[in-house]
Amino acid sequence: MAAADRQGPTRRLVLAGAAATLGTGLAGTRPLGAAEQSWSAFLDQLSVEARRLGISPATTKQALADAELLDQVIELDRKQPEGRLTFAEYKANVISETRIRRGREMLLLYGDLLEKIRFRYGIPVQVITALWGVESSYGARTGNWSVVSSLATLAYEGRRSEFFRGELMAALRILDAGDVALPDMKGSWAGAMGQPQFMPTTYLAYAVDWDGDGQRDIWTSLPDIFASMSNFLARSGWRQGQLWGRPVLAPSHLPSGQKATVAEFAEAGVRAQDDGPLPRSAMPASLLRMDGADGPAFLTYHNFNVFKIWNRSDYFALSVGLIADQLKVD
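What counts as what
- Residues numbered from 1 in each chain as written.
- Predicted model: local features only at pLDDT ≥ 70, side-chain atom pairs only at ≥ 80, totals over all residues.
- Heavy atoms only, no water.
- Buried < 20%, exposed > 50% of the residue type's maximum accessible area, 1.4 Å probe, protein only.
- Helix = DSSP H or I, 4+ residues; strand = E, 2+ residues; numbered from the N terminus.
- Pairing = 2+ DSSP bridges.
- Salt bridge = Lys/Arg side-chain N within 4 Å of Asp/Glu carboxyl O.
- Contact = heavy atoms within 4.5 Å.

Peer 1: Which residues make up the pairing of strand β6 (residues 284-289), and what values go with them?
Peer 2: Within β6, five of the six residues are buried, which leaves it mostly tucked inside the rest of the structure. Of the strand pairs in this sheet, strand β4 (residues 259-261) and β6 are connected by three bridges, and their pairing is antiparallel. If you follow A260 over to β6, its bridge partner there is A285. Of the pairings in the sheet, the one linking β6 to strand β7 (residues 297-300) comprises four bridges and is antiparallel in character.

Peer 1: I'd love a proper account of the pattern of salt bridges, names of residues and values included.
Peer 2: In the structure shown here, the tally under the stated rule is nine salt bridges. Salt-bridge contacts for R165 lead to E49; the nearest nitrogen and oxygen are separated by 2.5 Å. Here the residue R165 occupies a position in helix α9 (residues 161-177), and E49 occupies one in helix α2 (residues 39-52), the gap between them amounting to 116 residues. In this structure, D314 and K308 form a salt bridge, with 2.6 Å as the shortest nitrogen-oxygen distance. Exposure remark for D314: the relative accessible area of 24% places this residue in the partly exposed category.

Peer 1: Now, about the environment of P296: what can you tell me, with residues and values included?
Peer 2: Note that P296 resides in the loop between β6 and β7. The class of P296 is partly exposed, set by a relative accessible area of 35%. In this structure, P296 is in contact with F87, L288, R289 and M290, ignoring residues within four places of it in sequence.

What follows is the structure in structure tokens.
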């Protein structure tokens, strides 16, 4: 889920499964702890707000007429994981041989298109492919929830009502612009949309009509999907020609979070994963240790932090980077 609603590693893994396997939930019963006003009164209030924001009354009426109060969305939003996944557990689920093999197949199928988009935005093709794979399994798992109903439910429920209310207004703007038809505006239970899993505000800020058909289609148009993802990373500060980071072997006395140049880390005894020397580079880096002092260690660079603008989870950012490394063609 890009930018607007970032989740931790455990939460994101739950989201990935939920988006793919759950239906639209049971509607109609008012959730425990919801706002005191009725659902219908709440929808009326949303209509007034949308009109004030300049959204067409016809668009709003159509979108909210069939909006359902989804109890299952409330349950998913409130569900607290019993324990936190270790990075090793997360990695085993996300960085699978199947995902890597499929990524290589996608690069062969869409390499020419990805190269054209890389030329415009400067984002490596393997990075876009890896990000696509982690977010939606190359478009296979995008979620089948009504984005309008999900966002309206979460705005009504109250725990993060202001955030989701803003996302709902953004979704209505997207519908008003004609970029997607209401029946096709599907996504995760939390409102993340399409193959890159953009929240509506992220869509409005970064989605691109690469194929020139007048619509920014992140659901079915691969040119628009790849260009939109590339635009997000480019405008978030991606530095061309730089790595995201690298796995390393680090002495146990060096703490996670330590900052220095790559050359200074080398002098402190940090070595490449294959036990070879690090380059004598002045590039700023940060040491990241996962699963404690005996777990894997990484030097992360500026582009790693760009991944974290997309999703703040270290697990997510490391997974995208590690998959991209395995898709890289020299």
